[in-house]
Amino acid sequence: KKNSISKPVDINQNPLIDISLFEEARLYRPMTGKVYKMLPVETIRGCPFTCRFCNSPDQMKLYKGLGSNFYRKKKMELVYKELKYFKDVHKVEYNYFWADTFLAMNSKEFDEFCEMYSKIKLPFWVQTRPETINDYKVKKLAEVGLDRVSFGVEHGNEEFRAKILDRRWKNKDIIDKLKIP
């Protein structure tokens, strides 16, 4: 018997992660030449982009057909509650934001994140796409603790990237974005 597809989990209803399930040593990771106690922090599930190599576009279509949305964002007050809990109770020293495209947020959400994270005062790392950044965002994120950014470029050949992956950025534009101080 084939099981039916269930609705996506409401990420705003998930309980706080019980990290006591993990060995203490599992929480330490090297980052930028140091070792930190670090936890991944979820802000979104899915991705709004339609890259051909990714499962998110198919998931979006599948769940839309079921009257639901695969791409979900966690409320900033819940992200703050989790970050504060991890910092105060579990003594986390560094945060890794677990999101396919961290900066897939509008200006209001971005400003809300920066305001919220300014109270956490820990270094953090994000993954995003070059087209989601600009001077303003890099400056604001650096002010609140941004330590590292990983960018999804996927391939250095523009023609391959456009025709096969449906990523239509020019190498020059990507390089310019990656040079933002």
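Scoring rules and cut-offs
Residues numbered from 1 in each chain as written. Predicted model: local features only at pLDDT ≥ 70, side-chain atom pairs only at ≥ 80, totals over all residues. Heavy atoms only, no water. Buried < 20%, exposed > 50% of the residue type's maximum accessible area, 1.4 Å probe, protein only. Helix = DSSP H or I, 4+ residues; strand = E, 2+ residues; numbered from the N terminus. Pairing = 2+ DSSP bridges. Right-handed = clockwise from strand over helix to strand, strands pointing away. Core = buried A, V, L, I, M, F, W, Y, C linked by side-chain atoms within 4.5 Å. Contact = heavy atoms within 4.5 Å. Polar contact = N/O pair within 3.5 Å; in protein donor to acceptor, adjacent residues only side chain to side chain. Patch = residues over 30% accessible without salt bridge, like charges linked within 9 Å, V, L, I, M, F, W, Y side chains within 5 Å. Areas by Shrake-Rupley, 256 points an atom, 1.4 Å probe, with all protein chains shown as cover. Salt bridge = Lys/Arg side-chain N within 4 Å of Asp/Glu carboxyl O. Lys, Arg positive; Asp, Glu negative; His and termini not counted. Arc of directions from axis to C-beta.

**Student:** Which residues make up the pairing of strand β5 (residues 94–98), and what values go with them?
**Tutor:** Counted residue by residue, β5 has four buried out of five residues, so it is predominantly covered. Bridge count for β5 against strand β6 (residues 124–128) is two bridges, and the pairing is parallel. When the bridges of β6 are listed, Tyr 96 appears paired with Trp 125. What joins β5 to β6 is helix α3 (residues 107–117), and the crossover it makes is right-handed.

**Student:** Talk me through the nonpolar core; I want residue IDs and the actual numbers.
**Tutor:** Soluble globular proteins tend to bury their nonpolar side chains together. Ranked by internal contacts, the top residues of the largest apolar core, which has 32 residues, are Phe 97, Phe 113, Tyr 117 and Phe 124. Contributing elements (two or more residues each) for this core: β2 (34–42), α2 (76–88), α3, β6 and α4 (135–144). Tallying contributions element by element places α3 first for this core, with five residues. If near-sequence neighbours (up to four positions away) are discounted, Phe 113 is found in contact with Met 76, Phe 97, Phe 102, Met 105, Phe 124 and Leu 141. Grouped together as the second largest cluster of nonpolar side chains are six residues, Met 31, Met 38, Tyr 94 and Trp 125 included.

**Student:** Lay out the environment of Lys 172 in plain terms, naming residues and giving numbers.
**Tutor:** Mapped onto the elements, Lys 172 comes out in helix α6 (residues 171–178). Put simply, Lys 172 and Glu 158 are 14 residues apart on the chain and 9.9 Å apart in space, counted from C-alpha to C-alpha. Engagement of the side chain of Lys 172 in a polar contact is seen with the side chain of Asp 176, the distance being 2.7 Å.

**Student:** Requested: an account of a nonpolar patch on the surface, with residues and values cited.
**Tutor:** On the surface, Ile 5, Leu 62 and Leu 66 cluster together into a nonpolar patch covering about 250 Å² of accessible area. Checked against the element boundaries, Ile 5 lands in the segment before β1 (28–31).

**Student:** Could you give an account of the pattern of salt bridges, naming the residues involved and the relevant values?
**Tutor:** Within this structure, the stated rule accounts for 14 salt bridges. Lys 37 is paired through a salt bridge with Glu 24; the nearest N and O atoms lie 3.0 Å apart. Of this pair, Lys 37 sits in strand β2 while Glu 24 is found in the segment before β1, placing the two residues 13 residues apart along the sequence. In this structure Lys 37 comes out as buried when scored by relative accessible area, which is 8%. Looking at Glu 24, the relative accessible area reads 43%, which means it is partly exposed. Across the pair Lys 163 and Glu 159 runs a salt bridge whose closest N-O atoms are separated by 3.0 Å. Residue Lys 163 and its partner Glu 159 are both found in helix α5 (residues 158–163); the two are separated by four residues, about one turn of the helix.

**Student:** Can you break down the side chain of Arg 72 residue by residue, with the values?
**Tutor:** Structurally, Arg 72 is set in strand β4 (residues 72–73). Of the side chains with opposite charge, Glu 42 comes closest to the buried, unpaired Arg 72, at an N-O distance of 7.0 Å. A distance of 2.7 Å separates a polar atom in the side chain of Arg 72 from the backbone oxygen of Phe 70. Excluding anything up to four places from it in sequence, Arg 72 contacts Pro 8, Val 9, Ile 11, Thr 43, Ile 44 and Arg 45.

**Student:** Explain α4 to me, using residue names and the numbers behind them.
**Tutor:** Listing the buried residues of α4 in full gives Lys 137, Val 138, Leu 141 and Val 144. Buried residues along α4 cover an arc of 135° about the axis, so they all sit on one side. Away from its buried face, by an angle of more than 90 degrees, α4 presents the exposed residues Asp 135, Lys 139 and Glu 143. Against α3, β6 and β7 (146–151) lie the buried residues of α4.

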